[in-house]
Amino acid sequence: MNYKVYSKDGKELRSINLDDNIFNLPVNEDLIWYAINNELANKRQGNACTKGRAEVHGSNVKPYKQKGTGRARRGDNKSPILVGGGTIFGPKPRDFSYSMPKKAKRLALKSILSLKAQSQILKIVEDFSIESGKTKDLVKLLENFEPGLRTVLILKDDDPMIKRAAANIPWLKYLSFNRLSAHELFYARQVLMLETAAKNLNDFYKEA
């Protein structure tokens, strides 16, 4: 498919040929859902922890005798039904992460790229760099598009100066073409992709 390439000033420059197997696929909503949930699960720290009856501080001595008081039978003050006692079935540190099949993950990312391209949310921009590494210079460049929208910038490589400039922009996320995030891409209201990154994606997902 032919797609427009924009200059840094936001003006149309030329067209680029994008692979239909990456940018023009039927959208697989189920795979997108699984990919996003997989990423969110892998980010969970899983460090919530509560103490059970055997772990709380307290005496094992029976607080009063079993019979004759008219009160309920009581083993010790660490009972879960007492204030300060242990927690019943409370959370323990655990690993929530799991792996997703590589082909399924790639197909989910291609579905999202196709969705963004078909919705005209994806914009191919000529290659640029922020030599100064300053946030204000990158913001000035982004003003030629739609500033303020939740935006993802897809880089052709790990450009340290762009990353440095983008770090302080709350509505902008940057991703390398070979390390895309289904969650960030799907919820982005604007996707800016460098021209070389688009060409690299054609090769990166060629056999996927």
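Placed above this text is the structure.
No experiment lies behind these values; they were computed from the predicted model shown. (Residues numbered from 1 in each chain as written. Predicted model: local features only at pLDDT ≥ 70, side-chain atom pairs only at ≥ 80, totals over all residues. Heavy atoms only, no water.)

## Observations regarding the pattern of salt bridges
Convention followed: Every case where a carboxyl oxygen of Asp or Glu lies within 4 Å of a side-chain nitrogen of Lys or Arg is listed as a salt bridge. Strands are runs of DSSP state E lasting at least 2 residues, helices are runs of H or I lasting at least 4, and numbering of each runs from the N terminus. Exposure is judged per residue with a 1.4 Å probe applied to protein chains only, and the accessible area is read against the type maximum: over 50% gives exposed, under 20% gives buried, and values in between give partly exposed.
Evaluation of the coordinates by the stated rule reveals 10 salt bridges. Of the charged contacts in the structure, one is a salt bridge between Asp127 and Lys156, with a shortest N-O distance of 3.7 Å. In this pair, Asp127 sits in the loop between strand 3 (122-125) and helix 4 (135-142) while Lys156 sits in the loop between strand 4 (151-155) and helix 5 (160-166), placing the two residues 29 residues apart along the sequence. Exposure remark for Lys156: the relative accessible area of 29% places this residue in the partly exposed category.

## Topic: the nonpolar core
Basically, it comes down to this: Residues belong to a common nonpolar core when they are buried Ala, Val, Leu, Ile, Met, Phe, Trp, Tyr or Cys residues joined through side-chain atoms within 4.5 Å. By the convention used here, residues are in contact when the closest approach between their heavy atoms is within 4.5 Å.
Within the largest apolar cluster, 50 residues are counted, with the highest numbers of intra-cluster contacts made by Leu185 and Met193. The greatest single-element share of this core, amounting to six residues, is contributed by helix 3 (residues 102-118). Excluding residues that lie within four positions of it along the chain, Leu185 makes contacts with Leu109, Ile112, Leu113, Lys116, Val152, Ile154, Leu175, Leu180 and Val191.

## Overview of helix 3
The line we're drawing: Each residue after the first adds 1.5 Å to the expected span of a helix.
With 17 residues, helix 3 should reach 24 Å at 1.5 Å per residue; the first-to-last C-alpha distance of 24 Å fits that figure. Burial analysis of helix 3 places 12 of its 17 residues in the buried class, the great majority of the element. Turning to helix 3, its buried residues number three or more, namely Ala104, Lys105, Arg106, Ala108, Leu109, Lys110, Ser111, Ile112, Leu113, Ser114, Lys116 and Ala117. At the C-terminal side of helix 3, Gln120 shows a positive phi close to 60°.

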